[in-house]
Amino acid sequence: MENVNLQIASLRDNPHLLNECHSLVRDCFNDLDLIHNQLDDTLTSNETLPQAYLLIKNGIVAAWVGLCVNDPIQTDVYTPIVGPLMVAESERNFGYGALLLYHARNEAGKLGFDKVYLTSSHIGYYERFGFREIDMTKYFNDNPTKVYVADVPKH
Ligand SMILES: CC(C)(COP(=O)(O)OP(=O)(O)OC[C@H]1O[C@@H](n2cnc3c(N)ncnc32)[C@H](O)[C@@H]1OP(=O)(O)O)[C@@H](O)C(=O)NCCC(=O)NCCS
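Residues numbered from 1 in each chain as written. Predicted model: local features only at pLDDT ≥ 70, side-chain atom pairs only at ≥ 80, totals over all residues.

A. Region of interest: the site of the ligand. As a structural note, the neighbourhood of the ligand is formed by 16 residues, with Arg92, Gly97, Ala98, Ser120 and Tyr125 the closest of them. Looking at the shell around the ligand, the elements that each hand over two or more residues are β4 (81-87) and α3 (96-110). When its residues are assigned to classes, the shell around the ligand shows nine nonpolar, six polar and one charged. (Near = placed C-beta within 6 Å. Helix = DSSP H or I, 4+ residues; strand = E, 2+ residues; numbered from the N terminus. Nonpolar A, V, L, I, M, F, W, Y, C, P; charged D, E, K, R; others polar.)

This is the structure:
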């Protein structure tokens, strides 16, 4: 059987993995400046947020999720936001997305938050992991999106 080494680590602790994270953005989102900027901010900001949590499989970034102050939506009442979430195409359906969602929630708890939010137009994915739909809003480009909330573990 193949030996698999899985680790979850923060980008701030592993800045050498920045380019691999950018590469996943290009593969999963067809490039999106906003996400590239969020990644760069993760390493340059003096604030607690944004953060990025990486799932490293056999030394390679297989997936990552962000935790940031706001999404580019037309309201700023929902904070912090879990996202974006991306898993390399060859690594999907192994539960890695779920694992990272759980990790981001847990880390948000350690940072003192009692809830996290996320926005998405995917139907039926986040609900499986305890996220509840609470609102509909729009991105700045006027595309509609749902807003979800989830409680985080107490620390
Ligand atoms: C969505 C995504 C993060 C899921 O990651 P993953 O690691 O494959 O997810 P998990 O293994 O935790 O969960 C897999 C399950 O979710 C389901 N699922 C995957 N994508 C889904 C979607 N878009 N909508 C609803 N269900 C979805 C799968 O069918 C699978 O179901 P099963 O367990 O019944 O077989 C991944 O497909 C991805 O990176 N997509 C491209 C980027 C993206 O769209 N990110 C989300 C932006 S909001």
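B. Local environment of α3. The end-to-end C-alpha distance of α3 is 21 Å, a good match for the 21 Å that 15 residues give at a rise of 1.5 Å each. Every buried residue of α3 is accounted for by Tyr96, Gly97, Leu100, Leu101, Ala104, Arg105, Glu107 and Ala108. Of the surrounding elements, those touching the buried residues of α3 are β2 (51-57), β3 (60-68), β4, β5 (115-120) and β7 (144-151). Count one or two residues on from α3 and you reach Gly112, which has phi positive near 100°. (Expected span 1.5 Å × (residues − 1). Buried ≥ 20, exposed ≤ 12 C-beta atoms within 10 Å, placed from the backbone. Contact = placed C-beta atoms within 7 Å.)

C. Here's a closer look at the environment of Phe113. By secondary structure assignment, the location of Phe113 is in the loop between α3 and β5. Given 18 C-beta atoms within a 10 Å radius, Phe113 is considered partly exposed.

D. Summary view of the packing of helix α1 (residues 18-29) against helix α2 (residues 33-44). At a minimum axis separation of 10 Å, α1 and α2 run at an interaxial angle of 160°. Overall, the two elements α1 and α2 adopt an arrangement that is roughly antiparallel. The handedness of the crossing between α1 and α2 comes out as right-handed. Side by side, α1 and α2 meet where Leu18, Cys21, His22, Val25 and Phe29 of the first sit next to Ile35, His36, Leu39 and Leu43 of the second. (Axes fitted to C-alpha atoms, helices over the stretch in contact; angles between N-to-C directions. Parallel < 35°, antiparallel > 145°, perpendicular 65-115°, else oblique. Left-handed = near helix turned anticlockwise from the far one by under 90°.)

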